[in-house]
Amino acid sequence: MSPELAASVLDADAAAQRVDAAGVQPDPTVTLQAWDVNSKGVGQRWIGAEQTFRLWGKTDLEKGIAAANADAARHQSHAVELDLVARVKSAYAQYAASHRALELSKALKQRVDQLAELLRLRYGASAVNQQEVIKAELEAANAAADVARREGDEKSATVRLNALIGREALAQLAAPKGFPALRTKMTLAAVQELARSSNPQLAATHAQVRSATGTKELTDLNYYPDITAGANLVQRQNGENSGMFLLGFKVPLQYEAKDAEQRAASANLGAAQARNDALRIRLDGEVAEAWFRLEAVRKALKIFEQRQLPPARLSVETAQKGFEAGTTDLAALLESERRLRAVELELLALKSEEQSKYADLERLAGGSL
């Protein structure tokens, strides 16, 4: 449904169609001439045809150049597809994270509202002072404001995801089903090797080198002339019909122009090879950079899951029991709730970042890992 991807596919199809149009001989020329035309009529009629033949393998080179350009366009289209997929995966991760964050904010708001109601009942029975009720009311207002912000974040993520997949911005999306499972057992060397063999941008530069090589070889053959052959039937008004044959070629006298074309083709070939080498080196670095960023996120995620989340949950449970028993004040309970919520939101942010970094690594590797 993406118009961006559809455009790249059509560009690749157009380049593929040009392969059939390349490397063909020129169309023949049919001639009709009238000679000795005077008051008595036409003395002779010449009916003939001429054909220029491109020799020395020029047509094969032209077809090879067109095929290489078509390969480059196809790989570029694949690169657009992989980039789109990576952006969709990243946007979906943000959508899932914002949806879950909204659920957490609503749950916290519900708990704070219940707490404020409980304190109002206690205040009516003179069990607590009014200051605690005011604190609970302020916390409930903050929770309501946070819910409003989280709703805006979810709508923003929905619009972003719809735009990427070619839907109307305000179209409804189904609720996300969490984060997709990601592969964990892989090595940096294996991903780099996969990127060298499967990255479409690198494959496109390979194709561009082939095209530039063919163009250089074609300019070398420009010193060899094309041949034109032809035949004419001569019809005489009074006399026997006869034939004529033609064989000609262009003399390559403009050596300076051909030398310039050769130098330009050599420079283009060198530039294509340099771009290919630069991309290969940069690709190795980008894969390593994405790899280490993903590893860092996963280490942080593990620390939060194992060392932050369990104590934060235990702190809330302990504070709730203490508040119900009258041994824990309101400030301690609210602080434990805020701490737990901060840990949960940080976990969501890390999971979303992990999905985004993994999608970026897949884009560089040229497909799913």
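Everything that follows concerns the structure shown earlier in this document.
Residues numbered from 1 in each chain as written. Predicted model: local features only at pLDDT ≥ 70, side-chain atom pairs only at ≥ 80, totals over all residues. Heavy atoms only, no water.

### Let's talk about the overall build of the protein
When you go through the protein residue by residue, the secondary structure sums to seven helices and four strands. Put simply, the protein runs from its N terminus to its C terminus through helices and strands in the order α-β-β-α-α-α-α-β-β-α-α. Over its C-alpha trace the protein gives a radius of gyration of 37 Å, far above what one expects of a compact globule, namely 21 Å for 369 residues. Every one of the 369 residues in the protein was classed for burial, and the buried ones make up 36%. (Helix = DSSP H or I, 4+ residues; strand = E, 2+ residues; numbered from the N terminus. Rg over C-alpha atoms; globule rule 2.2 N^0.38 Å. Buried < 20%, exposed > 50% of the residue type's maximum accessible area, 1.4 Å probe, protein only.)

### Examining the side chain of Thr158
Looking at where Thr158 falls in the secondary structure, it is placed in helix α3 (residues 130-164). Beyond its immediate stretch of four places on either side in the chain, Thr158 contacts Tyr95, Ala169, Ala171 and Leu173. (Contact = heavy atoms within 4.5 Å.)

### Brief notes about the pattern of salt bridges
Taken as a whole and assessed by the stated rule, the structure comprises 27 salt bridges. Measuring nitrogen to oxygen at the nearest pair gives 3.9 Å for the salt bridge that ties Arg280 to Asp277. Of this pair, Arg280 and Asp277 both sit in helix α6 (residues 255-325), three residues apart, roughly one helical turn. Between Asp360 and Arg363 there is a salt bridge, and its shortest N-O distance comes to 2.5 Å. Here Arg363 and Asp360 lie together in helix α7 (residues 330-365), a separation of three residues that amounts to about one turn. Residue classification places Asp360 among the partly exposed positions, given a relative accessible area of 27%. Residues joined in a network through salt bridges with shared partners are Asp146, Arg149, Arg150, Asp153 and Arg341. (Salt bridge = Lys/Arg side-chain N within 4 Å of Asp/Glu carboxyl O.)

### Observations regarding the environment of Leu350
As for its position among the elements, Leu350 is in helix α7. With a relative accessible area of 7%, Leu350 lands in the buried category. For the pair Leu350 and Lys302, spaced 48 residues apart in sequence, the C-alpha to C-alpha distance is 9.9 Å. Leu350 has contacts with Val297, Ala300, Leu301 and Phe304, leaving out every residue within four places of it along the chain.

### What to know about the packing of aromatic side chains
Under the definition given, this model contains one aromatic pair. Residues Trp56 and Tyr224 carry aromatic rings whose centres are separated by 5.4 Å and whose planes lie at 45° to one another, so their mutual orientation is tilted. With a gap of 168 residues between them, Trp56 in the loop between β2 (41-53) and α2 (58-124) and Tyr224 in the loop between α5 (200-220) and β3 (227-236) connect regions that are remote in the sequence. Residue Trp56 is classed as partly exposed on the basis of its relative accessible area, which comes to 46%. (Phe/Tyr/Trp six-rings, centres within 6.5 Å; stacked < 30°, edge-to-face > 60°.)

### Side note on the layout of surface pockets
Of the pockets and cavities examined, the largest pocket occupies roughly 240 Å³. Around the largest pocket, the lining is made up of 15 residues, and of these Arg100, Leu104, Glu344, Leu348 and Lys351 lie nearest the centre. Every element with two or more residues in the lining of the largest pocket is listed here: α2, α6 and α7. Residue composition of the lining of the largest pocket, by class: seven nonpolar, two polar and six charged. (1 Å grid on protein atoms, 1.4 Å probe; cavity = no way out; pocket = protein on both sides within 12 Å on 5 of 7 lines; lining within 4 Å. Points joined across faces, edges and corners; volume = space filled by probe spheres on them. Nonpolar A, V, L, I, M, F, W, Y, C, P; charged D, E, K, R; others polar.)

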